[in-house]
Structures are given as C-alpha cells and as structure tokens.
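Summary of structural features
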Amino acid sequence: MSIKFSLMQLRNPLQPGDPKKYYAKAQVREVIDINRISDEISYETSLTPGDVLSVLRALIHKTEEHLGDGDMVSLGDFGRFQYQLSSEGADTKAEFTSARIKKVKLHFRPGRMWKPTVDRLQFEHVISVEERKEAIKKSKEGI
C-alpha cells in the first residue's frame, strides 16, 4: 500500500512575488463505493453483503438524522461529524436572521485510527492527471 502523488507547481499565497515551487498532490487511485465496501466486509465476516449494506445505510441515515437535529455524531476512534456554518455578520443580535447563513459544511474530525505518522506511510510518485491526458493526446496524434 502506498499513497500516490504527483507534483504541482504553485506559488506561495503568502509570498506571491516568490518563484513557484513544486508541491506534492495526492492522486486518487480508484473511487470505492459503499457496495464494494459491504462486499469486502462480508467476505471478512459471517454477514451477508446485504446485511452489511443495510447496517451501513442505517448508519448513514441515523448520522444524517442526528446531524440535522444539531448533534455531533461520534463514531469512536473513527471520528466525529458535525455541521459548521458560515454567515454574514450583523451589527446587532436583533438584525441577525437565519437568512444571513450562507453556507453549511459537514466537518469531520478524524479519530485516532486516521492519524498516521509520515514514517509509517509509503509514497509513490506518479504522473499527474494532466500529464497523463497530454501523453494520451500526443500518442493519438502520432498514430
């Protein structure tokens, strides 16, 4: 297992006059959906894929329900979920209405199991999506 990354040349937003530098950007290998995860869990347990999928869907539904009630949902070492709001300011409390709320974000605070140290991770340098597309385009033009 290794985290794939490519390099991206960016400016430092705090020092826009400085030359660009190369920074690592994580690259997604594959999108894994809930059905695949339920199949994998089923294979490792005595539960059927349908049982696992039912539990995962119920977990998502109950999490959504509690978040909608203003609760923070803690899933132990997995982490915690809660909504955060962005709003326009008002000069007085009386002037503030919910119409000033402009954005709601779901915030996830990773638990202990998500806090790996860099020494335990492996990294693999790959070409970026843009470089891959350019290479495919060039190979088609050469045909």
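Here the structure is a predicted model, which is why all the values come from computation and not from measurement.

**Structural notes on the pairing of strand 1 (residues 3–10)**
By the bridge criterion, three bridges tie strand 1 to strand 6 (residues 123–125) in an arrangement that is parallel. Pairing of Ile-3 across the sheet is with Phe-123, part of strand 6. Sheet analysis places strand 1 next to strand 2 (residues 21–26), joined by six bridges and oriented antiparallel. Residue pairing in the sheet places Phe-5 in a bridge with Ala-26 of strand 2.

**As for the packing of helix 1 (residues 34–44) against helix 2 (residues 49–68)**
Contact pair helix 1 / helix 2: the axes reach a minimum separation of 8 Å and the direction vectors enclose 125 degrees. The angle between helix 1 and helix 2 falls in the class oblique. Helix 1 and helix 2 meet at a crossing whose hand is right-handed. Across the interface between the two elements, Ile-34, Asn-35, Ile-37, Ser-38, Asp-39, Ile-41 and Ser-42 of helix 1 pack against Pro-49, Val-52, Leu-53, Leu-56, Arg-57 and Ile-60 of helix 2.

**With respect to the side chain of Gln-82**
Residue placement: Gln-82 occurs in strand 4 (residues 79–87). Separated by 2.9 Å, the side chains of Gln-82 and Arg-109 make a polar contact. In contact with Gln-82, other than residues within four places in its own chain, are Leu-67, Met-72, Lys-105, Leu-106, His-107 and Arg-109.

**A few points about the pattern of salt bridges**
According to the stated counting rule, one finds five salt bridges in the structure shown. A salt bridge links Arg-36 to Glu-30; its shortest N-O distance comes to 2.7 Å. Overall, the relative accessible area of 40% leaves Glu-30 in the partly exposed class. Linking Glu-65 and Lys-62 is a salt bridge whose minimum nitrogen-to-oxygen distance equals 2.9 Å. Here Lys-62 and Glu-65 lie together in helix 2, a separation of three residues that amounts to about one turn. Given the relative accessible area of 34%, Glu-65 is considered partly exposed. One salt-bridge network, held together by shared partners, links Glu-30, Arg-36 and Glu-40.

**A look at the sheet that holds strand 1**
Taken together, three strands build an open sheet; the order of strands is 2-1-6 and the sheet is mixed. In this open sheet, the two edge strands, each paired with only one partner strand, are strand 2 and strand 6. Each strand axis lies, on average, 45 degrees off the axis of its neighbour in the sheet, ignoring direction.

**Observations concerning the sheet that holds strand 3 (residues 73–74)**
By definition, the strands of a sheet pair up through backbone hydrogen bonds, in either a parallel or an antiparallel sense. The antiparallel open sheet is built from three strands, whose spatial order is 3-4-5. Every other strand in the sheet has two partners, leaving strand 3 and strand 5 (101–110) as the edge strands with one partner each. Bridge count for strand 3 against strand 4 is two bridges, and the pairing is antiparallel. Among the inter-strand pairings, Ser-74 is bridged to a residue of strand 4, identified as Arg-80. Relative to the sheet, helix 2 contacts strand 3, strand 4 and strand 5, its axis offset from that of strand 4 by approximately 40 degrees.

The rules we used
- The residue count restarts for each chain, going from 1 along the sequence in the order it is written.
- Where totals are concerned, whole chains, interfaces and linings use all residues; where local detail is concerned, this predicted model gives features only for residues with pLDDT of at least 70, and gives and counts side-chain atom pairs only at 80 or more.
- Computation of side-chain values: all heavy atoms of the structure, hydrogens and water removed.
- Criterion used throughout: strands pair if DSSP finds at least two bridges between them.
- Going along the chain from the N terminus, every DSSP run of H or I of four or more residues is numbered as a helix, and every run of E of two or more is numbered as a strand.
- Lines are fitted to the C-alpha atoms to define the axes, a helix being fitted only along its stretch in contact, and any angle between axes, read from their N-to-C directions, falls within 0 to 180 degrees.
- Roughly parallel here means an angle under 35 degrees, roughly antiparallel means over 145, roughly perpendicular means 65 to 115, and every remaining angle is called oblique.
- By convention, the crossing between two helices is left-handed when the near helix turns anticlockwise from the far helix through less than a right angle, and right-handed when the turn is clockwise.
- Contacts between residues were defined by any pair of non-hydrogen atoms, one from each residue, lying within 4.5 Å.
- Counting of polar contacts relies on pairs of N or O atoms within 3.5 Å, with two restrictions inside protein: one atom must be capable of donating a hydrogen and the other of accepting it, and residues adjacent in sequence are counted only when both atoms are side-chain atoms.
- Salt bridges, as used here, are contacts in which a Lys or Arg side-chain nitrogen is within 4 Å of a carboxyl oxygen on Asp or Glu.
- Only protein chains enter the area calculation, which uses a 1.4 Å probe; residues under 20% of their type maximum are buried, those over 50% are exposed, and those in between are partly exposed.

Shape descriptors only; they carry no functional weight alone.
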